[in-house]
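Summary of structural features
Below, each chain spelled out in residue letters.
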Amino acid sequence: QDITATKRGYQALHEVDSIKDSLLRTVSHDLRAPLNAINFNLDMIKSQCEKKKLRRLCQEAADASDYLQFLVNDLLNYFQIKTSDLGLVPQKMNIRRLLQRSLRIVQSKAHDKNVELETRISSSVPKF
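Worth saying up front: this structure is predicted, and the values here are computed from it rather than measured.

1. Details of helix 3 (residues 95-112)
The terminal C-alpha atoms of helix 3, which comprises 18 residues, lie 27 Å apart, in line with the 26 Å expected from a rise of 1.5 Å per residue. By the largest-angle criterion, Val106 marks the main kink of helix 3, which is about 35 degrees. Between a side-chain oxygen at the N-terminus of helix 3 and the backbone nitrogen of Arg96 the separation is 3.2 Å; the capping residue is Asn94. A positive backbone phi angle near 60 degrees is found at Asn114, which sits one or two residues after helix 3.

2. Comments concerning unusual backbone geometry
Backbone geometry follows two general trends: most residues other than glycine have a negative phi, and most peptide bonds adopt the trans configuration. The residue Asn114 is not glycine, and still its phi comes out positive at about 60 degrees. With respect to the helices and strands, the residue Asn114 is situated in the segment after helix 3. Residue classification places Asn114 among the exposed positions, given a relative accessible area of 74%.

3. A short note on the side chain of Ser65
Its location among the elements puts Ser65 in helix 2 (residues 52-82). Residues within four places of Ser65 in sequence aside, it is in contact with Leu35, Ile38 and Asn39.

4. Here we look at the packing of aromatic side chains
If you walk through the whole model with that rule in mind, you get one aromatic pair. The interplanar angle of 20 degrees and the centroid separation of 6.4 Å between the aromatic rings of Tyr67 and Phe70 together place this pair among those described as stacked. Here Tyr67 pairs with Phe70, and both are found in helix 2, just three residues apart, close to one helical turn.

5. What about a nonpolar patch on the surface?
On the surface, a cluster of nonpolar side chains totalling about 380 Å² of accessible area is made up of Tyr67, Leu68, Phe70 and Leu71. When you line up the elements, Leu71 lands in helix 2.

6. What about the pattern of salt bridges?
As enumerated under the stated definition, the model contains four salt bridges in all. Arg56 is the salt-bridge partner of Glu60, the closest N and O atoms lying 2.6 Å from each other. Within this pair, Glu60 and its partner Arg56 are both found in helix 2, separated by four residues, close to a single helical turn. Classification of Glu60 by relative accessible area gives buried; the value is 16%. What emerges from the salt-bridge pattern is a single network uniting Asp17, Lys20 and Asp21.

7. What about the state of the cysteines?
This model, assessed by the stated rule, comprises zero disulfides. Distance from the sulfur of Cys49, which forms no disulfide, to the nearest cysteine sulfur (Cys58) is 6.0 Å. Cys49 sits in the buried class, given a relative accessible area of 12%.

8. Some details on the packing of helix 1 (residues 2-48) against helix 2
Two quantities define a packed helix pair, namely the angle between the helix axes and the distance between the axes. Running from amino to carboxyl end, helix 1 crosses helix 2 at an angle of 155 degrees, the nearest separation of the two axes being 8 Å. What the angle tells us is that helix 1 and helix 2 run roughly antiparallel. Pair helix 1 / helix 2 crosses with left-handed handedness. Among the residues forming the contact of helix 1 with helix 2, the class breakdown is 15 nonpolar, eight polar and eight charged.

Calculation rules
Residues numbered from 1 in each chain as written. Predicted model: local features only at pLDDT ≥ 70, side-chain atom pairs only at ≥ 80, totals over all residues. Heavy atoms only, no water. Helix = DSSP H or I, 4+ residues; strand = E, 2+ residues; numbered from the N terminus. Expected span 1.5 Å × (residues − 1). Bend = angle between axes of the 7 residues up to and from the residue. Polar contact = N/O pair within 3.5 Å; in protein donor to acceptor, adjacent residues only side chain to side chain. Buried < 20%, exposed > 50% of the residue type's maximum accessible area, 1.4 Å probe, protein only. Contact = heavy atoms within 4.5 Å. Phe/Tyr/Trp six-rings, centres within 6.5 Å; stacked < 30°, edge-to-face > 60°. Patch = residues over 30% accessible without salt bridge, like charges linked within 9 Å, V, L, I, M, F, W, Y side chains within 5 Å. Areas by Shrake-Rupley, 256 points an atom, 1.4 Å probe, with all protein chains shown as cover. Salt bridge = Lys/Arg side-chain N within 4 Å of Asp/Glu carboxyl O. Disulfide = S-S within 2.5 Å. Axes fitted to C-alpha atoms, helices over the stretch in contact; angles between N-to-C directions. Parallel < 35°, antiparallel > 145°, perpendicular 65-115°, else oblique. Left-handed = near helix turned anticlockwise from the far one by under 90°. Nonpolar A, V, L, I, M, F, W, Y, C, P; charged D, E, K, R; others polar.

Shown next as structure tokens:
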């Protein structure tokens, strides 16, 4: 009798986990299109803007949006890993640019709090 209750509890947990996974997968997938539109529009605004401060704000928004896109892709990758559907594709990545873009996201908030962030990337860090 105890084993039957345990099995039912396990099945209930499995169902809740499946519902959670389905919700997260759907939300992650549905966020992709609006994020792509945001990124496209920010790029258009930035390319036509003559004011330096506005271009900088557009770039910060674009960096934050790119980071959100990265998180959404990570969630989708998680589900691919969970279902064994993920294939790894090696690709070159500019580490310096990635670090600079990541720091730009937090620099404006740090500046608002009178905190100065300084970055120094060693010349030994490869570009790709």
